[in-house]
Structures are given as C-alpha cells and as structure tokens.
Amino acid sequence: MIKITGLKVVLTYDLKILEDIVATRLNIEHSRIERISIAKRTVNARNKQDIYFDMTVVVCVSGDENEVISMNKDKFISKEIELNYTVPKDRKLKERPVVVGCGPAGMFAALILAQAGARPILLERGLDVDSRKRKVLKFWRTGILDTQTNVQFGEGGAGAFSDGKLKIGQKNPRKMKVLSELVQAGAPPEIMYLSKPHIGTDRLNETVKGIREQVIRLGGEVRFNATVKEILFKDAQVTGVRFEEEGNIAEVSTDNVVLAIGHSARDTFESLLNSGVYMEQKSFAVGVRVEHSQEMIDKIQYGDFAGRPELGAADYKMVVHLQNGRGVYTFCMCPGGTVVAATSEENGLTTNGMSEFARDGRNANTALLVTVEKEDFGSEHPLAGCAFQRRIEGAAFTAGGGGYKAPVQRLEDFLQKRKTTAFGDVLPTYLPGTEFAVLDSFLPEYITDSLRHGILEMGAWMPGFAYPDALLTGAETRSSSPVRITRGESLEAIGIKGLYPCGEGAGYSGGIISAAVDGVLCAEQILGS
Ligand SMILES: Cc1cc2nc3c(=O)[nH]c(=O)nc-3n(C[C@H](O)[C@H](O)[C@H](O)COP(=O)(O)OP(=O)(O)OC[C@H]3O[C@@H](n4cnc5c(N)ncnc54)[C@H](O)[C@@H]3O)c2cc1C
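Since the structure is predicted, the reported quantities are computational estimates derived from the model, not experimental observations. Per-chain numbering applies: the sequence of each chain, read as written, is numbered from 1 onward. Two thresholds apply to this predicted model, a pLDDT of at least 70 for residue-level local features and 80 or more for giving and counting side-chain atom pairs, whereas whole-chain, interface and lining totals are computed over all residues. Just so you know, side-chain values use all the structure's heavy atoms and leave hydrogens and water out.

Asker: Requested: an account of the domain arrangement of the chain, with residues and values cited.
Answerer: The domain boundaries here were taken from an automatic or database domain assignment. Each domain of the chain was delimited in the assignment, giving domain 1 (2-79), domain 2 (98-280 + 481-527) and domain 3 (283-476). Using only C-alpha atoms to locate each centre, domain 1 and domain 2 end up separated by 39 Å. Contacts between residues were defined by any pair of non-hydrogen atoms, one from each residue, lying within 4.5 Å. Contacts between the two partners involve 5 residues from domain 1 and, on the opposite side, 5 residues from domain 2. Accessible area that two parts lose when put together, with a 1.4 Å probe and added across both, is what the buried area reports. When domain 1 packs against domain 2, close to 420 Å² is buried across both sides, 53% of that on carbon and sulfur atoms. The largest share of the area that domain 1 buries against domain 2 comes from Ile 38, Ala 39 and Arg 41, three residues that together contribute 75% of it. Basic side-chain nitrogens of Lys or Arg form a salt bridge, by our definition, when they fall within 4 Å of a carboxyl oxygen of Asp or Glu. Run the count over domain 1 and domain 2 and you get 0 salt bridges. Between N or O atoms, a polar contact is any pair within 3.5 Å; within protein, one atom must be a potential hydrogen donor and the other a potential acceptor, and residues adjacent in sequence are included only when both atoms are from side chains. There are 4 residue pairs in polar contact (both at pLDDT 80 or more) connecting domain 1 and domain 2. Three categories are distinguished: nonpolar for Ala, Val, Leu, Ile, Met, Phe, Trp, Tyr, Cys and Pro, charged for Asp, Glu, Lys and Arg, and polar for the others, with Gly belonging to the last. Of the residues in the side of domain 1 that touches domain 2, the class split is 2 nonpolar, 1 polar and 2 charged.

Asker: Tell me what's going on with the UniProt feature "domain: FAD/NAD(P)-binding" (unreviewed entry) in the chain, and back it up with residues and numbers.
Answerer: Under the feature "domain: FAD/NAD(P)-binding" (unreviewed entry), the UniProt entry names residues 98-268. Taken as a whole, residues 98-268 contains 35% helix and 21% strand, while its terminal C-alpha atoms sit 16 Å from one another. UniProt positions are given in the numbering used here, feature names are shortened, and annotations may be inferred rather than shown by experiment. Numbered from the N terminus, helices here are DSSP runs of H or I no shorter than four residues, and strands are runs of E no shorter than two.

Asker: Provide a residue-level description of the UniProt feature "domain: FAD-dependent protein C-terminal" (unreviewed entry) in the chain, including the pertinent values.
Answerer: This chain's UniProt record puts "domain: FAD-dependent protein C-terminal" (unreviewed entry) on residues 283-479. Along residues 283-479 the backbone is 24% helical and 27% strand, and the end-to-end C-alpha distance reaches 10 Å.

Asker: Provide a residue-level description of the sheet that holds strand S4 (residues 77-79), including the pertinent values.
Answerer: Read across the open sheet, the 4 strands follow the order S2-S3-S1-S4; overall the sheet is antiparallel. The strands lining the two open edges of the sheet, one partner per strand, are strand S2 (33-44) and S4. Geometrically, the sheet is characterised by an average inter-axis angle of 25° between neighbouring strands, direction not taken into account. By definition, two strands form a pair when at least two bridges between them are found by DSSP. Two elements, strand S1 (residues 2-9) and strand S3 (residues 52-61), share 6 bridges in a ladder whose sense is antiparallel. Paired with Ile 4 across the strands is Val 57, a residue of S3. Across the face of the sheet, helix H1 (residues 15-26) comes into contact with S1, S2, S3 and S4 while running at roughly 115° to S1. In this analysis, axes come from line fits to C-alpha atoms, helices being fitted only over the stretch in contact, and the angle between any two N-to-C directions falls in the range 0 to 180 degrees. Lying on the sheet, helix H2 (residues 65-72) is in contact with S1, S3 and S4; it crosses S4 at an angle near 150°.

Asker: Quick one: what's the story with unusual backbone geometry, residue by residue and with numbers?
Answerer: Across the junction of Leu 431 and Pro 432, the peptide omega takes the value 15°, indicating a cis bond. For Pro 432, the location among the structural elements is in the loop between helix H10 (411-415) and strand S20 (434-436). Following Gly 474, the chain continues to Ala 475 via a peptide bond in cis, the omega torsion being -5°. Positionally, Ala 475 belongs in strand S21 (residues 471-476). Even without glycine at this site, Asn 225 takes up a positive phi of about 60°. Position of Asn 225 among the secondary structure elements: in the loop between strand S7 (221-223) and strand S8 (226-234). Phi at Leu 491 is positive, roughly 70°, even though this residue is not glycine. For Leu 491, the location among the structural elements is in the loop between strand S22 (483-484) and strand S23 (499-501). Throughout this description, buried means an accessible area under 20% of the type-specific maximum (1.4 Å probe, protein chains only), exposed means over 50%, and partly exposed covers the range between. What makes Leu 491 buried here is its relative accessible area of 15%.

Asker: Account for empty space enclosed by the protein, with residues named and values stated.
Answerer: Any empty space left between atoms is shown by rolling a water-sized probe over those atoms. Space inside and on the surface of the protein is sampled on a 1 Å grid over the protein atoms alone, with a cavity defined as a set of points where a 1.4 Å probe fits but cannot get out and a pocket as an open set with protein on both sides within 12 Å along at least 5 of 7 lines; lining residues have an atom within 4 Å of a point. Grid points are joined across faces, edges and corners, and a volume is the space filled by probe spheres set on the points. If you walk through the whole model with that rule in mind, you get 1 cavity of 30 Å³ or more. Around the largest cavity sit 14 residues that line it, and Pro 104, Met 107, Leu 182, Leu 204 and Ile 512 are the ones nearest its centre. Here the residues of the lining of the largest cavity sort into 11 nonpolar, 3 polar and no charged.

Asker: Could you give me a rundown of helix H5 (residues 173-184), with the residues and numbers involved?
Answerer: Any helix carries an expected span of 1.5 Å times its number of residues minus one. Taking 1.5 Å as the rise per residue, H5 with 12 residues should run 16 Å; its terminal C-alpha atoms sit 16 Å apart, in good agreement. Burial in H5 covers these residues: Lys 175, Met 176, Lys 177, Val 178, Leu 179, Glu 181 and Leu 182. Among the structural elements, helix H3 (104-115), helix H6 (200-217) and helix H12 (512-527) are those in contact with the buried residues of H5. If you check the start of H5, you find a side-chain oxygen 3.1 Å away from the backbone N of Arg 174, and it comes from Asn 172.

This is how it looks when you write it as structure tokens:
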C-alpha cells in the first residue's frame, strides 16, 4: 500500500474529492485506485481565512505499487509500513496473574494477559461503570461522596468521567493495538486517524464494558468492590494478594501482580510503603480550572470558520516558562465540557474536566497548572507529595464553604486580587455548586503569582484568553502522580520479583493512551516476551 502525507483537503471533502486528489498526486488513472483510508487528519488553522485538513492517506492501487512510488520521486509518497501487533504467547504461567486496578493500565494489562490465555484476575476497589455512574451523579447532585466509588475509583479508572481525549504522538504497534481494541469495544472509529481524537465520557462508559466483556469471555475474572490491602511476598518474590471484598478479607495466591492503582490511591501507597515497597517523591503540577464560553474559543481559534460542523468545538494548548523557573501550562482541555468535582477523599476538593463525545456544552474548560517540585512538599517523606495535595484540597474545601462546593473567582478579579461579587457572562458548570472566594486563600503564593504571570503571557499569545469574565475554579491538584513506585529494567518493583508497578500511579505514564500502553508492556513482561 502507498502512503501519501501532507495532502491539503477541503473541510467538505468526500470520497470522490479524495480520489481526485490522490489520482492527481500519484499521476494515475482513477480506475487504478482500489481503496483509500485516512491514516491521519489534522485541522490546519494557521491561516484563519483558509482552514483545511492536513491529511495522510493510505492507498491501495491495482498493478505494481512500487512502480507508482518510484515514478513519483516525491518525499511525501512512500510505501506504507503496517504497525501490526502480535499478542505474546502464554509461557504457561504457574498461577493466574492478578491485576490491581481497572483503569486504562489495568484493563489493557488484563486484556493482553487474557488474549494470551493467562486468565488474569482483575481486582477493582470501585463498582462497575454503570453503578459507578449513578454514584458519581449522586455526588455531583447532593455532595454525598462514596470514597470507594467516585471520579477517581471504579471501573474505567480516572478517565471514565473525562473528555476521553487521546494523546497519540508517534504511532507504534502497541498504540495501534490499544486504539483498535478501543474501537472494537465501542469507541468511535475515527480515533484511529484523527490527530487529536477523543471518545467522550458517554462513549467511554460503553467502551470500558466492551473490554471487560472480552476479558471475561477469554477466561479472565473481573471483581468489583475488591480493594487490595496488601501485596504478599516471601524472599523478595510475590506470593499473593490480600484484599477486602464486600467487607470480607480474602487472599489469592499468585506470583505476578500488575499494580495499576492510579495516582489517587493514597491509602494503598501508604500500605505498600509500610510493607517495604520502594517509592520516591515525584514532581507534578497544581492550579485551577479555567472556563470560557466555547463560542468565544471557537471564534478565537477559527475566526469566520467558527461553528462549522466539520471542525467541531475548538481546543487550545499553551505553555509559558516564567522567570521564577516554574512552568505554567494548560492541561486536559475539555471543549464543550463541564468542570467536575473529582475528589476521592472526604472534606477535600479537587477539580477536573470532562466532555461528552458531542462536545456541545456551552463552556470550554482547561486546567491551568503551575509546576511544583519536590522541594515544595516541605518533607523528604516519600508520600509528602500526597500530603501537599491533601493540604490544598482541604483548604479549597473550606474556601468553598463545605459540601464540595467549589471556590470560584472571575479572572479579572483574580488578577486584581479582589473577591468576585457577581458572575459576568460566563456561568460555572461545576456541581454541586460554587462559592465566591479568593483563590489566594487556598493556593500557595508562588502558585497564584505564577498563575497571574502565566495568564497575562497566555493572553498575549491568544488574545481573548485573559477574558475578564472567564472563571477560575479550584483547586486542580491531581494532575499526575505525586509518587513513583520505582521499577527496574524488567519493569518489576525494585527488589520484588513479580510485582509490576504500572500506569499513572506508578509514575510511569500520564493519560489514557500512555497508561494503556504501559499496561500492555507490563503484560508482555509477565508473558516473558
Ligand atoms: C476527570 C478526569 C478527566 C481526565 N481526562 C483525561 C483525558 O481526556 N485524556 C487523558 O488521556 N487522560 C485524562 N485523564 C487522566 C487519565 O484518566 C489517567 O491518566 C488514566 O486514567 C491513568 O490510568 P491508570 O490505569 O494508570 O490509573 P487509573 O485510571 O487511576 O486507574 C486506577 C484504578 O485502580 C483502582 N484502585 C486503586 N487502588 C486500588 C486498590 N487498592 N485495590 C483495587 N483497585 C484499586 C482505582 O479504583 C482505579 O479504578 C483524566 C482524569 C480525570 C480524573
């Protein structure tokens, strides 16, 4: 097959238009084109008078394709190299492997193990995705939190209530495997080729179920409401897992455990540390959520093309490096989305963002984060980063007046260090509600100072970003893991054979795709490939 990169394609393209472009580009008759598939599609909005798609396509032609390639002598035309993934064979493990945590990392570790015939047992502290959804909606409506099943915990992991945006980067066989499994399980097919794909929280829920069903069909076991309390080991080799299931303590014996517990399992970090698992502090970032009207962001990004259905809701991404040595950056942008209450602990408040697949909500939101370093934690203890997060979350909870209402401030008021007294034309989407508060009351000064500088610089880059009525809601504390469960070359925890710290909580990935790929890698290690 032939790959053509760098095609400029109108927003209103159809197959006929693509065929014309491809035939002209390859200098061949239309009749020789047997199939065209899109390998990558990016919106090119550099010139707002002429917005189009940058496309890479893969073409199947009749006759000698090598001849077509060499005839063209064009660096944008080459032979397509297929990125196929082969599931490793089960090397006949003595015992069934156990996977802890049913987020992207755990799900994909379990899926590969199941596909290899290793019949994994997956233990998840929270509930299945449908029951979880009910619990989370209740929390957002009433402020009644379940500390075992919430936005961080439960089937699907931390990303289940998200925009489901997928950061792909350079494609490779493992990423293609993850994407194709997601599609097979119910994700939109275009995630295979869009440069910035997203699944949306609504479609993610169905997708997660599809993966669970496959694991079970292949002989795996998925147990909800099963919180791992202790990893058992003897002579530096894993021997089993002790867990609490519906109030009862149970044990399962195994010599391989994938530990994919995410960045919010503070109780599990603590028990692992107490039992001698080596972990270290890791820097992360803290800040707030910013909300603008989506209509305004569309206008800024797409000019007169704003609102075109082919473009969807616009996004943006910015990074600035301040003179004080800190970075300020936008993160996890949710076009047409809502700001969500994302805590897993009582009396703490942390925000995040999510969108439905349609991204048709009235507001755009993004995290606006400032980098924090280990020196900011105020202690050498490996879990000092968790304590640092907890302090800010507690202060934000108090600033919101309790009941998980979030402190909120208009952007202009934040810049001028005064309390907001009334909303402007941007209204908050956060539930169960907001309370006017000064962000400086719960964030350290070096963070609010950095945010102020960052906002002004970003406003210069993207005129309109520093819109006076934009809203800042806080605190955004769980941007990534505050610890690393250090692993060696074999991906096992230092000094413990058979224990595979995996995904975001282990400090080795960030985001849905990289966590899922890390799950694939850990499964491969267990299978000995
Ligand atoms: C609201 C929100 C929106 C997000 N949006 C995006 C996005 O759009 N795109 C993106 O790429 N990323 C997004 N992220 C980040 C993304 O969700 C994470 O990077 C990803 O889920 C990490 O995967 P993981 O499997 O390593 O951990 P997690 O997804 O956190 O999964 C860990 C799982 O382990 C379980 N667990 C923890 N402790 C135990 C225990 N002791 N016993 C049993 N089970 C346990 C938890 O309940 C959880 O289900 C978002 C996160 C949040 C919270």
